[in-house]
Amino acid sequence: MQFWNLNQRKKYEQKTFTKSMLTSSFIAPKDKMNYSIVDVGTNTPIVPFSNYTSMSCDGGGMYFNQWFNTFEPGRYYKILFKVQYEDDFKSQVVYDNNEEFKII
């Protein structure tokens, strides 16, 4: 099983000055996030977006667990993230960071 962590922060953080120790400000999003794993060579979703690919959240950030024992060795894959915003338009955005990984 492989664990993937995804962290987020505020885009524009208010600057402050302090004499005490700094701590990280973690943001738990209220919007729904899912992941998908795509075979890069064929552009085929191996793990499609669904209710079963929801991101989890803990004190360390967003994460998901994925077993890779059924993935074909030697192939390259990439992970896509879909955010469904809880705004008036119920909009959604799919993020592709163009990072690939290979199953050995």
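Residues numbered from 1 in each chain as written. Predicted model: local features only at pLDDT ≥ 70, side-chain atom pairs only at ≥ 80, totals over all residues. Heavy atoms only, no water.

Student: Could you clarify how one ought to interpret the overall build of the protein chain in this entry?
Tutor: In terms of helices and strands, the protein chain carries 0 helices and 7 strands. In the protein chain, buried positions account for 25% of the 104 residues. Looking at the protein chain alone, contacts between residues at least 24 apart form 59% of all its contacts between residues at least 6 apart. Of the roughly 8200 Å² of accessible surface on the protein chain, 52% is carried by carbon and sulfur atoms. (Helix = DSSP H or I, 4+ residues; strand = E, 2+ residues; numbered from the N terminus. Buried < 20%, exposed > 50% of the residue type's maximum accessible area, 1.4 Å probe, protein only. Contact = heavy atoms within 4.5 Å. Areas by Shrake-Rupley, 256 points an atom, 1.4 Å probe, with all protein chains shown as cover.)

Student: Sorry, what's going on with the nonpolar core here?
Tutor: Nonpolar side chains tend toward joint burial in soluble globular proteins. If you look at the biggest cluster of nonpolar residues, it comprises 15 residues, and the most contacted ones within it are Tyr35, Ile37, Met55, Phe71, Ile79 and Phe101. Residue assignment for this core shows that the elements contributing at least two residues are strand 2 (32–39), strand 5 (61–66) and strand 6 (76–84). Among the elements that line this core, the one with the most residues is strand 6, at 4 residues. In this structure, isoleucine 37 is in contact with Thr44, Pro45, Ile46, Val47, Gln66, Phe68, Phe71, Tyr77, Lys78, Ile79 and Phe101, ignoring residues within four places of it in sequence. (Core = buried A, V, L, I, M, F, W, Y, C linked by side-chain atoms within 4.5 Å.)

Student: Even after reading the chapter, I still don't get the pairing of strand 2, so can you show me in this structure?
Tutor: The two faces of the sheet receive side chains in turn, since in a regular strand these alternate between them. Counting buried residues in strand 2 gives 7 out of 8 residues, a clear majority hidden from the surface. Of the strand pairs in this sheet, strand 2 and strand 3 (residues 44–47) are connected by 3 bridges, and their pairing is antiparallel. Bridging from a neighbouring strand, isoleucine 37 pairs with valine 47 of strand 3. As consecutive antiparallel partners, strand 2 and strand 3 are separated by 4 residues, and within that stretch asparagine 43 has a phi angle of approximately 55 degrees, a positive value. (Pairing = 2+ DSSP bridges.)

Student: I would appreciate a short explanation of the environment of methionine 33 in the present structure.
Tutor: Note that methionine 33 resides in strand 2. Residue methionine 33 is classed as buried on the basis of its relative accessible area of 8%. Placed 16 residues apart in sequence, methionine 33 and phenylalanine 49 show a C-alpha to C-alpha distance of 9.7 Å.

Student: Teacher, can you tell me more about the sheet that holds strand 2 here?
Tutor: Whether parallel or antiparallel, the strands of a sheet pair through hydrogen bonds between backbone atoms. Spatially, the 4 strands line up as an open sheet ordered 3-2-6-7, and their pairing is antiparallel. One side of each edge strand has no neighbouring strand; the edge strands of this open sheet are strand 3 and strand 7 (92–102). Each neighbouring strand pair of the sheet contributes to a mean axis angle of 35 degrees, computed without reference to strand direction. (Axes fitted to C-alpha atoms, helices over the stretch in contact; angles between N-to-C directions.)

Student: Got a minute to help me understand the environment of tyrosine 52 in this structure?
Tutor: Mapped onto the secondary structure, tyrosine 52 falls in the loop between strand 3 and strand 4 (56–58). Judged by its relative accessible area of 79%, tyrosine 52 is exposed. When the C-alpha positions of tyrosine 52 and tyrosine 35 are compared, they lie 9.3 Å apart, and in sequence the two are 17 residues distant.

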